[in-house]
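Residue-level listing of the chains:
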Amino acid sequence: MPFGYLNNLNTNPNMCYHTSFKAHSKPVQNSDNLVEKFVQKVDEEKEKKHNKRAIAVGSSVLGLSVLVAVFNPKFSSKLVERLKTFRLKNIKKADSVNKESFSAKFHNGISKVTNKLINFVSWTNNFNSVKDTYYKKLCTEEKAFHNIHDIEKRKTFKKIDKFFRKIMQKPHEVITKWGDILAKQTVKRGYRSSLKQMDKFDILIKQYTKDLPTDKKRIVESKLREIQEKRKYFAEANLDKRFAEQEALMENLDTDIRHKWKNYTHGFVDKNVKNGEHFNQNLSFWAQDMMKFEREKLEKEGVSIVDNFVGNKDGFKGSYNEILDILSQNISAEEKKSLQKALDKTAKSLRNASRQEYGKYFDKKRDLVLGSAPTDILTAVIGLMIGGVSLLSADNKDDRISRLLTGIIPTIAGIGTNIVLTSMLFSGVEGMLIGVLAGGVMSLAGSRINKLRLVAKNIYEDGSITKKEEKLNV
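Conventions and cut-offs
- Residues numbered from 1 in each chain as written.
- Predicted model: local features only at pLDDT ≥ 70, side-chain atom pairs only at ≥ 80, totals over all residues.
- Heavy atoms only, no water.
- Phe/Tyr/Trp six-rings, centres within 6.5 Å; stacked < 30°, edge-to-face > 60°.
- Buried < 20%, exposed > 50% of the residue type's maximum accessible area, 1.4 Å probe, protein only.
- Helix = DSSP H or I, 4+ residues; strand = E, 2+ residues; numbered from the N terminus.
- Lys NZ or Arg CZ within 6 Å of the ring centre and 35° of its normal.
- Salt bridge = Lys/Arg side-chain N within 4 Å of Asp/Glu carboxyl O.
- Core = buried A, V, L, I, M, F, W, Y, C linked by side-chain atoms within 4.5 Å.
- Contact = heavy atoms within 4.5 Å.

Considering all chains together, one arrives at eleven aromatic pairs under this definition. Aromatic side chains Tyr233 and Phe234 sit 5.6 Å apart centroid to centroid with 85° between the ring planes, which places their arrangement in the edge-to-face category. Accessibility assignment for this pair places Tyr233 and Phe234 in one class, buried. Ring geometry for Trp261 versus Trp286: centroids 6.3 Å apart, planes at 50°, classification tilted. On the criterion of sequence distance, the pair formed by Trp261 in helix α8 (residues 253–267) and Trp286 in helix α10 (residues 286–290) is long-range, its members being 25 residues apart. Judged by its relative accessible area of 3%, Trp286 falls in the buried class. The positively charged end of Arg242 is found above the aromatic ring belonging to Tyr233, 3.9 Å away from the centroid.

This is the structure in C-alpha cells:
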C-alpha cells in the first residue's frame, strides 16, 4: 500500500471514521511515525549489511594473505624460529626435573614432535624457493631448449620464450627492485632514528660535562669525538656499500638452488640411494643453509659495532659506558639514573637497527634474489581473479560498480597493504592483521561512497527506486 494513501486516511474530511472505541483501546499511530520507523528499520538493516560486507572483505584479505604467506619463505622461516624457541623451552623443562618423571617424558615427547615439525616446515620452504627461482628463470632468462631435437620446433619455442620474456621481464625486475627499495628504506629509517637518539644522548652528556674537572672534561670530549668518528659506519653511503656487498654474496644463489633441486629429485631415482635416508638428510631450508656462514659473519660484525658504542653483557663497556663511569663520580644518583635510562634507550635503538640490517634485510634480500616478490603478487592476483568472477556475474553496470567499490577495491587495498608491509620488514602476522584492518575500513568507506552514488541516481542499494522517485510515481 502506498505511503501517500496512508496519509489520505488521516486528512480526508469526507472519510467516515468509527468513534466507538473501547476505553482500553490503543490510539491509532500516525502514518508518519510508521513511515519513520520503517525507514529506520531499513537503515539499520543496511548498516548491518555494510558491517557484514566489511567483515567478508576482511576475511577475503586474511585468506589471500594466508595464501601468500604459505608460499612465502620469510613467513615460514619466522614460524621455524618460534618452533625452535618452543622446543628449547621444553628441553630445558625436561632437564630441570627427574629424567624418569612423567613431566620429563612429557616435555621430551613435545620436543621430539616439535623437532619433526621444524624439519617439515623447513623442508617446505625449499618448494617456495624452487617455485620462485624457476618463475624468475621463466620471466628473465633466455632458454636454449637443448632437449628439443627438432630444429624447427626449437626455433618456435625460442620465439615464444623471447616474446614472453619481452612482456614479463620488466615487471618482474621492477617488482623485485621496489621490494628491495622498501626493505632498504626501512633499514635506513631505523639507523636515522638511532642516530637521532644518539644526538639526544650526546647533548645530555655535554650538559653533565660542564661541571667536571678540566682533565676529566677533556677525556669525555675526546671520547665523544671518537664516537662521532665511529658513527660514520651508519652513514647511508656506507650502508649502501654494505647492501651491495650482501647482494654480491647471493649472486649465484638462484642457480645453486636449481642445481640442488635437480640433485635432490635425481636422488629418488638413483638405485644406489635409499629414498628414506635421502629424504631425511634434506629436511632443512637449503637457501638458508647455503647463506648461513655469511649471515652469521655479518651478524657478528653488526653486534661488534654496536658493542663498541654501548657495551655488552660479557663485561665489555663500550665508549658510552666509559663516559658514564667518568660522569658518575661527579653527579647525583638521580642524574646517573637519568643517564642510564637514556643509554639503555640508545642501546635498544642501535641493536634493533643492526638486527634489521643483518637479520631481517638479509633474509628479505635472499628471498628477493630467489624471486619471491613477483610470485607473492602473482599468488594474490590469482586469488583476486577467482574472486573477480562475482564482478562479471553482476546484473548491470550499477551492480558492477557497487561490487567494485564495496568488495574488489577494498580487498586489493588489504592484500596490497600486507605485501607492502612485509616488504618493509614487518612480520608476516603484523602485515596480515593490518591488511585485514585496511580492507575492512576500505569496505566501510566504499559502502558510504556507493550509498551516496546511488542516492544521487535515485536508486536504493538493492536496485529499487528511492522514496523521491516513488512519490513521483504515485
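On we go.
The next thing to look at is the pattern of salt bridges. Overall, the coordinates contain 22 salt bridges when judged by the stated rule. The salt bridge partner of Asp240 is Lys188, with a shortest N-O separation of 3.0 Å. Residue Asp240 is located in helix α7 (residues 236–249), and its partner Lys188 is located in helix α5 (residues 151–209); the two are separated by 52 residues in the primary sequence. In this structure Lys188 comes out as buried when scored by relative accessible area, which is 10%. The salt bridge partner of Arg192 is Glu236, with a shortest N-O separation of 2.6 Å. Within this pair, whereas Arg192 is found in helix α5, its partner Glu236 is found in helix α7, the two being separated by 44 residues in sequence. Judged by its relative accessible area of 35%, Glu236 is partly exposed. Beyond isolated ion pairs, a larger network of salt bridges with shared partners links Arg295, Glu299, Asp363, Arg366 and Asp367.

Let's shift gears to the nonpolar core. Core analysis: the biggest nonpolar cluster contains 51 residues, and Ile205, Phe234, Phe309, Val310, Tyr320, Leu327 and Leu339 have the highest contact counts within it. The element best represented in this core is helix α13 (residues 333–370), accounting for eleven residues. Setting aside anything within four residues of it in sequence, one finds Phe309 in contact with Met198, Ile227, Lys230, Arg231, Phe234, Gly318, Ser319, Tyr320, Asn321 and Leu350.

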